[in-house]
Each structure stands twice: as C-alpha cells, then as structure tokens.
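Each chain, written out:
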Amino acid sequence: MQLRIVYAKLGFFGGDDSMLHESGQQVEAEAVAPWRATAASEIATVVSNRAIASEYRRLVLSCGPIASGARPGQFFQLLCPQPAGEKPFLRRPMSIYATQADPHRIEFLYKVAGAGTRGLETLDAGDTIDVFGPLGVGFTLDPQWRRIVVVGRGAGLATLAPLARAAAEMGIGVTAVLSARRPDLLVSADLFQACGADVIGVTDAEATSGPANVEKILRGLISQQRCDAFFTCGSARLMRVQQRLAAEFAIPGQIALEQQMACGIGLCYCCVRDFNVDGGIVTRRVCWDGPVFDLAEAMP
Ligand SMILES: Cc1cc2nc3c(=O)[nH]c(=O)nc-3n(C[C@H](O)[C@H](O)[C@H](O)COP(=O)(O)OP(=O)(O)OC[C@H]3O[C@@H](n4cnc5c(N)ncnc54)[C@H](O)[C@@H]3O)c2cc1C
Ligand code: FES
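Residues numbered from 1 in each chain as written. Chains lettered and ligands numbered in written order. Predicted model: local features only at pLDDT ≥ 70, side-chain atom pairs only at ≥ 80, totals over all residues.

A few points about the overall build of the protein chain
Here comes step 1: Helices and strands together make up the secondary structure of the protein chain, namely seven helices and 17 strands.
Here comes step 2: Oriented by its inertia axes, the alpha-carbon framework of the protein chain measures out at about 75 × 50 × 35 Å.
Here comes step 3: Taken across its 300 residues, the protein chain has 38% of its residues classed as buried.
Here comes step 4: Long-range pairs, those at least 24 residues apart, make up 63% of the contacts in the protein chain between residues at least 6 apart in sequence. (Helix = DSSP H or I, 4+ residues; strand = E, 2+ residues; numbered from the N terminus. Buried ≥ 20, exposed ≤ 12 C-beta atoms within 10 Å, placed from the backbone. Contact = placed C-beta atoms within 7 Å.)

If you want it as structure tokens, here you go:
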C-alpha cells in the first residue's frame, strides 16, 4: 500500500490547515518549519589575536549570526593561513571558546602545535579567515542539575570554558578542576571565575595533578553534594577517574573528545573511535556523532 503523502501548499485546497493523502482523503497538515542552515562557511574578520600564556593565543573573530550561534562543545573547521614554508592542507578543528551575539563574535583559544596553528599565529586585526561551522554535537545541561563538576587539562580547558557561562545562565553552579603542567598554563581559570565558578587548579609542577589527588578532590565534591554531573576534556587519565566515580555514585557525565579530522562533517570516516556500549564495541565519528559523548561509553 502506498504510504506516501502528497504534500500540498496550504491554501491550495481552500485555505484550511490540511493536505491531500494519495487516497484522496484530507489529512491535518503538520506545521513545517522553514529550512534554515545550522552551519556555514564564511569569511570572518580578525578582531584580535593575542598571546594569553606562553603557549596559548586567543583569537577573536567578527562573524555572522550562524557562527555566533555556536553552542558549548561545538567546533569549527578553520582554513588556516599558510605560515612561511608550510602548507596546512586540511582545515583544522577548533572548539568554540566564547560567543557573542551583539555584535556577532566567536572566539578560539589555541595552542601553537603545528603548521595550522602556526598559520593562525600570523593573523592580525583586520585580516580575514575562512571558518566553517558550527559543527558537531555539543554539551547538554539538564535544568534539574544544581551543581556540576568540570574537569579539564591542556587545550581541553578551552573546550570546557563556554560551559561555565551556559551553566551560570541556567542557575547551575560549577566547580572547575583545571589541570596543567604549570600554574601559568591554567588558561581558562579567569573565564570560569568570571562566571562564578569555583576553580581548583592542579599542576604537574606542584605535584597535585596526579589521578590519585584528583580522585580525592572529586570524592570530596561528591560527598558535599556538589556533583550532579561530570564534564571533561583533555586527559584520558582523568577520564578514567571520572568514569570510575560516575559508575560508583551513578552520576551522569559527558566528554568532549579530540581526534584528527579531515572533512569535519561525517563523510570521510577518518575520525572514527571505538566506544563501549553495553559491553560491545561500537565505532562512531567524532566530528558527526560528537565531539561530545556519554562519559560512560568513551574509551581511551
Ligand atoms: C573537536 C576538536 C576541537 C579542538 N579544539 C581545540 C582548541 O580549542 N584549541 C586547541 O589548541 N586545539 C584544539 N584541537 C586540537 C587541534 O585541532 C589540533 O592540535 C590540530 O592538529 C592543530 O593543527 P596544527 O596544524 O597546528 O598541528 P598538527 O601539525 O596538525 O599537529 C601537531 C601535532 O599534534 C598531533 N596531533 C594532532 N591532533 C591530534 C590528536 N587529535 N590526537 C593526538 N595527536 C594529535 C599531530 O600528529 C602532530 O604531531 C581540537 C581538536 C578537535 C578534534
Ligand atoms: S572528519 Fe570526516 S568523518 Fe569525521
């Protein structure tokens, strides 16, 4: 039997909210929202691109409304300029660090690691850059939560930072456990604090960043009822600590994963990772199914 519904413009059959089934019966029309792009490639203009710690830079871009609508945990594919003698062939994925709607702005916090980010480093105010996004599935905040715990390390701190503002807007308290090699590399601590988060910095230099000490801190937060959910990025060791605690105390969690990417839109399968789903191994594309995933299912 043919199930296909013949769609007709509202009003074609006399202006009522109905459409015609192939059988000839009139059926109630569902409101069809007009199609709107959720991602776009556009030429953004550099507002500033400043060093904020010895290894990190903050890039602020003037952009359009689609880009500035990015949500925490989503990312952009940046067409990086070519630094002298190098050709970063593919676009580079970069998480959103901050957004602003009026005027439209997006920000990235990046660590200079290779040809692409060395190219980003050459950008000056007034230059332009091709950005494609926002892409991927971002973090989700449950309005029932009262307090969340955010645990990040290295460039992962940039990915987690916009959660602080989103949580504050929903009246959800945040404790951020930020990990780095040295205190001066705890890059997004200011942003978390400005949004009212409690920040606990742990560093290799002070011998406080090891999994045993982080577990002690997290157990303390759980016992004080300050952990309705975990959010993490940037460290497989810290991920395992949170997975253990999440299972022990039945706490939900989300993790933002990083994987080398090519297309960024689910077509090339170069970013596939394994996930443990109900004891079986399932493969997923980090760019398309993530980069934010259920903490319990992530594998190192
Ligand atoms: C969704 C997503 C969001 C990201 N957000 C940020 C961000 O906000 N800030 C930031 O600084 N970086 C971020 N990254 C990481 C950044 O995209 C990579 O470091 C990128 O390779 C930098 O490009 P490059 O040309 O400078 O360095 P490349 O020359 O590409 O890489 C430098 C070195 O890092 C290694 N490498 C690159 N990517 C990975 C990886 N996924 N795992 C292991 N080794 C790797 C390369 O093999 C090489 O040795 C993100 C990555 C993803 C997937
Ligand atoms: S980067 Fe192509 S599928 Fe993910």
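Some remarks on the sheet that holds strand β7 (residues 98-101)
Here comes step 1: The antiparallel open sheet is built from seven strands, whose spatial order is β6-β5-β9-β3-β4-β8-β7. The outermost strands of the open sheet, each flanked by one partner alone, are β6 (92-95) and β7. Averaged over all pairs of adjacent strands, the angle between their axes in this sheet comes to 35 degrees, without regard to strand direction.
Here comes step 2: With six bridges joining them, strand β3 (residues 40-51) and strand β9 (residues 128-135) adopt antiparallel strand pairing. Residue pairing across strands places Ile43 opposite Asp130, the latter belonging to β9. (Pairing = 2+ DSSP bridges. Axes fitted to C-alpha atoms, helices over the stretch in contact; angles between N-to-C directions.)

Some thoughts on the pairing of strand β16 (residues 280-285)
Here comes step 1: Note that strand β15 (residues 272-277) and β16 share six bridges and pair antiparallel. In the sheet register, Asp274 faces β16, and the bridge partner there is Thr283.
Here comes step 2: Linking β15 back to β16 in an antiparallel pair, the connection comprises two residues, with Asp278 at a positive phi of about 50 degrees.

Comments concerning the site of ligand 1
Here comes step 1: In the vicinity of ligand 1 there are 23 residues, among which Pro93, Ser95, Gly114, Gly116 and Thr117 approach most closely.
Here comes step 2: Elements with a contribution of two residues or more to the shell around ligand 1: β6, β8 (104-111), α2 (115-121) and α3 (156-169).
Here comes step 3: Here the residues of the shell around ligand 1 sort into 13 nonpolar, seven polar and three charged.
Here comes step 4: If you count residues domain by domain, the shell around ligand 1 takes at least three from each of domain 2 (40-135) and domain 3 (147-297). (Near = placed C-beta within 6 Å. Nonpolar A, V, L, I, M, F, W, Y, C, P; charged D, E, K, R; others polar. Domains from an automatic or database assignment.)

Remarks on the pairing of β7
Here comes step 1: Note: β7 against β8, four bridges, orientation antiparallel. Pairing of Thr99 across the sheet is with Ile106, part of β8.
Here comes step 2: Counting the residues between successive antiparallel strands, the hairpin from β7 to β8 contains two residues.

Notes on the packing of helix α5 (residues 211-223) against helix α6 (residues 236-249)
Here comes step 1: Two elements in contact, α5 and α6, have axes separated by 10 Å at closest approach and are oriented at 35 degrees. As α5 runs across α6, the sense of the crossing is right-handed. Here α5 contributes Pro211, Val214, Glu215, Leu218 and Ile222 to the contact with α6, which in turn contributes Arg237, Leu238, Val241, Leu245 and Phe249.
Here comes step 2: Class assignment of the residues belonging to the contact of α5 with α6 gives a composition of eight nonpolar, no polar and two charged. (Left-handed = near helix turned anticlockwise from the far one by under 90°.)

Section: α6
Here comes step 1: End to end, α6 covers 20 Å across 14 residues, agreeing with the expected 20 Å (1.5 Å per residue, within 8%).
Here comes step 2: Within α6, burial applies to Leu238, Met239, Val241, Gln242, Gln243, Leu245 and Ala246.
Here comes step 3: Buried residues belonging to α6 abut β10 (147-153), β11 (173-180), α5, β13 (230-233) and β14 (253-256).
Here comes step 4: Just downstream of α6 lies Ala250, where phi reads positive at about 55 degrees. (Expected span 1.5 Å × (residues − 1).)

Describing the environment of Ala37
Here comes step 1: Mapped onto the secondary structure, Ala37 falls in the loop between β2 (26-28) and β3.
Here comes step 2: Note on Ala37: 6 C-beta atoms within 10 Å, which makes it exposed.
Here comes step 3: When the C-alpha positions of Ala37 and Glu55 are compared, they lie 35 Å apart, and in sequence the two are 18 residues distant.

Brief notes about the confidence of the model for the protein chain
Here comes step 1: When pLDDT is averaged along the protein chain, the result is 89, and 90% of the positions lie at 70 or above.
Here comes step 2: Taken as a whole, residues 1-24 scores under 50 in pLDDT and shows 27 contacts with residues more than four places along the chain or in a different chain. (pLDDT = per-residue confidence, 0-100.)

Here's the deal with unusual backbone geometry
Here comes step 1: Here Gly133 and Pro134 are connected by a cis peptide whose omega angle stands at 0 degrees.
Here comes step 2: Topologically, Pro134 is positioned in strand β9.
Here comes step 3: Residue Pro291 is bonded to the preceding Gly290 through a cis peptide linkage, with omega at 15 degrees.
Here comes step 4: Topologically, Pro291 is positioned in the loop between α7 (286-289) and β17 (292-294).
Here comes step 5: One non-glycine residue, Ala207, lies in positive phi territory at about 55 degrees.
Here comes step 6: Following the sequence through the fold, Ala207 ends up in the loop between β12 (198-203) and α5.
Here comes step 7: What makes Ala207 exposed here is the crowd of 9 C-beta atoms within 10 Å.
Here comes step 8: The backbone of Gln225 shows a phi angle near 60 degrees, a positive value even though the residue is not glycine.
Here comes step 9: Tracing the sequence through the fold places Gln225 in the loop between α5 and β13.

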